[in-house]
Amino acid sequence: MADFKILGGTDPAIQSLGKMTQGLGFPLRDVEPSTSGGAVNVVVERMLDANSFVDQTPTGIGVATQISFGDAQTETAFELEADGTLTCLVADEYVWRAKLVVGKDSGGNAVAQIYIRTLVNGVQAGPSSQVIIDSNRAEIPVDLEGTAFIDAGDVITFEFIRDTDGDDDGELRAGNPDVAGWAPSPSARLTIDRFIAVQP
């Protein structure tokens with residue numbers, strides 16, 4: 001659970017704060033004035049936190065590959081399968097964030113052209129994201145974010161593909177630091193949050 005405070009010169013005890021949370025990824029909501037003054041908190045609950053710590057490689061050019069986010073897990077509102085299939089169990093408004101690391105380490109002059117997309121019930125939702133890598137060795141983090149009301153039973157998946165306009169190269173890459181005490185970097189990470197309330 002996370003709290004976000006409203007900062008500024010307005011005293012919540014005597015003046016309405018209007019609407020907020022636009023920058024947090026949630027739709028605008030009314031913030032009621034506090035009866036006692038002081039901080040106002042936006043309360044958000046983490047519903048899912050999943051990571052894959054293995055490289056994920058397509059089988060070939062032009063072949064869509066479903067993105068995995070690690071081991072299967074079942075939480076209160078979502079069920080995640082090991083292949084990355086996500087099923088909503090409780091209808092609500094959610095914010096999801098996916099962080100992917102697109103990389104190329106094959107050398108040569110190959111140009112990796114990768115597209116990433118989100119699907120809801122098998123239908124693409126929103127635009128694709130594109131990454132082009134023409135260096136011999138590079139890794140580029142990609143952040144995806146969405147806000148939506150998700151019904152119970154809805155199935156969400158993420159895919160990436162080596163586009164036919166590029167070469168047969170590029171994958172999602174995990175990292176394991178040699179430095180002691182540092183955690184590994186996932187090839188794919190997915191978090192889902194739910195808005196709970198605005199508390200004076």
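Whatever comes next refers back to the structure up there.
First, a word on scope: everything that follows refers to the structure included in this document.

Thresholds, definitions, all that
Residues numbered from 1 in each chain as written. Predicted model: local features only at pLDDT ≥ 70, side-chain atom pairs only at ≥ 80, totals over all residues. Heavy atoms only, no water. Helix = DSSP H or I, 4+ residues; strand = E, 2+ residues; numbered from the N terminus. Buried < 20%, exposed > 50% of the residue type's maximum accessible area, 1.4 Å probe, protein only. Pairing = 2+ DSSP bridges. Core = buried A, V, L, I, M, F, W, Y, C linked by side-chain atoms within 4.5 Å. Contact = heavy atoms within 4.5 Å. Salt bridge = Lys/Arg side-chain N within 4 Å of Asp/Glu carboxyl O.

### Section: unusual backbone geometry
Point 1. Even without being glycine, Asn 121 reaches a positive phi, approximately 55 degrees.
Point 2. Following the sequence through the fold, Asn 121 ends up in the loop between β10 (112-120) and β11 (123-124).
Point 3. Owing to a relative accessible area of 46%, Asn 121 belongs among the partly exposed residues under this scheme.

### Here's the deal with the environment of Val 42
Point 1. Topologically, Val 42 is positioned in strand β4 (residues 41-52).
Point 2. A sequence separation of 153 residues divides Val 42 from Phe 195, and the C-alpha atoms of the two residues are 7.9 Å apart.

### Structural notes on the pairing of strand β14 (residues 155-162)
Within a regular strand, side chains alternate between the sheet's two faces.
Point 1. Across the eight residues of β14, six count as buried, placing the element largely inside the fold.
Point 2. Pairing of strand β5 (residues 65-66) with β14, which is carried by two bridges, proceeds in the antiparallel orientation. Within β14, the residue paired with Thr 65 across the bridge is Phe 160.
Point 3. For strand β8 (residues 86-88) and β14, the ladder comprises two bridges, and the chain directions are antiparallel. Bridging across to β14, Thr 87 finds its partner in Val 155.
Point 4. Pairing analysis gives seven bridges linking β10 to β14, with the strands arranged antiparallel. Bridging from a neighbouring strand, Val 120 pairs with Ile 156 of β14.

### Notes on the nonpolar core
Point 1. Ile 67, Phe 69, Phe 78 and Ile 116 are the most contacted members of the largest nonpolar core, which totals 31 residues.
Point 2. Apart from the residues within four sequence positions on either side, Ile 67 is in contact with Gln 56, Asp 83, Gly 84, Leu 100, Ile 116, Phe 158, Glu 159, Phe 160, Leu 172 and Ala 188.

### Let's talk about the pattern of salt bridges
Point 1. Under the defined criterion, the tally for this structure stands at 13 salt bridges.
Point 2. A salt bridge links Arg 46 to Asp 193; the nearest nitrogen and oxygen atoms lie 2.4 Å apart. Pair noted here: Arg 46 is in strand β4 and Asp 193 is in strand β16 (residues 188-199), with a separation of 147 residues, a long-range link.
Point 3. Judged by relative accessible area, which is 6%, Asp 193 ranks as buried.
Point 4. The partner of Arg 173 in a salt bridge is Glu 171, with the nearest N and O atoms 2.6 Å apart. Glu 171 matches Arg 173 in its accessibility class, with the two residues each being buried.

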